[in-house]
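Examining the three-dimensional arrangement
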Amino acid sequence: MTAFRSSAPITSDPDENRLVAVGRALFATLADDPVLSFVELPDGLGVCLVHAARGGGKIYVAPDETALFVGSAVDFEAGLEAFWGCVRTPLETSVIDRGGADT
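Numbers given to residues run from 1 along each chain, matching the order in which its sequence is written. pLDDT decides what is reported in this predicted model: residues at 70 or higher carry local features, side-chain atom pairs at 80 or more are listed and counted, and totals for whole chains, interfaces and linings draw on all residues regardless. As a rule here, side-chain values cover all heavy atoms of the structure and leave hydrogens and water aside.

**Re the overall build of the protein**
The cut-off we apply is this: Numbered from the N terminus, helices here are DSSP runs of H or I no shorter than four residues, and strands are runs of E no shorter than two. Residue burial is assigned from relative accessible area. The probe radius is 1.4 Å, only protein chains are included, and a residue is buried under 20% of its type maximum, exposed over 50%, and partly exposed in between. Here, residues are in contact when the closest pair of their heavy atoms is within 4.5 Å.
Along the backbone of the protein there are 3 helices and 4 strands. For the protein, the α and β elements follow one another from N to C terminus as α-β-β-β-β-α-α. Counting every position in the protein, which comprises 103 residues, the buried fraction comes to 37%. For the protein, the share of sequence-separated contacts (at least 6 apart) that also reach a separation of at least 24 residues comes to 41%.

Shown next as structure tokens:
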């Protein structure tokens, strides 16, 4: 079972903080005030932010700030496997608007 941290302020690794901030900005383009949890991914892959609400989903964020969005119907492990295989959501899609991640 994967343990997710709450959306409370983060006080750990600055790189992790940066990736979580990117993920939060991306989720902000999808939902108003999403309640997010996050988990550090293995082997330095990045982080995964989870919006565990109806119609929510997960955003996996890599150290290079590329990201993969998967809907709530996709379980964590399946999303991680795709992310591990370098599947990413194109930034030009409406799901992830790069302009929102830079704020």
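After that view, the rundown keeps rolling.
**Some remarks on the pattern of salt bridges**
The cut-off we apply is this: When a carboxyl oxygen of Asp or Glu lies within 4 Å of a side-chain nitrogen of Lys or Arg, that pair is called a salt bridge.
The full count for this structure, using the stated rule, is 2 salt bridges. A salt bridge links Glu 65 to Arg 18, with the shortest nitrogen-to-oxygen separation between them at 2.8 Å. On the criterion of sequence distance, the pair formed by Glu 65 in the loop between β3 (57–61) and β4 (67–71) and Arg 18 in helix α1 (residues 14–28) is long-range, its members being 47 residues apart. Since its relative accessible area comes to 29%, Arg 18 is described here as partly exposed. Where salt bridges share partners, they join Asp 15, Arg 18 and Glu 65 into one cluster.

**Quick notes on the confidence of the model for the protein**
Applied cut-off: Confidence per residue, as judged by the predictor, is encoded in pLDDT with a range of 0 to 100.
Per-chain confidence: the protein averages 82 in pLDDT, with 77% of residues scoring 70 or above. For residues 6–11, every residue scores under 50 in pLDDT, and the model assigns this stretch 13 contacts once sequence neighbours within four places are set aside. Every residue in residues 96–103 is under pLDDT 50, and counting partners more than four places away or in other chains gives 15 contacts.

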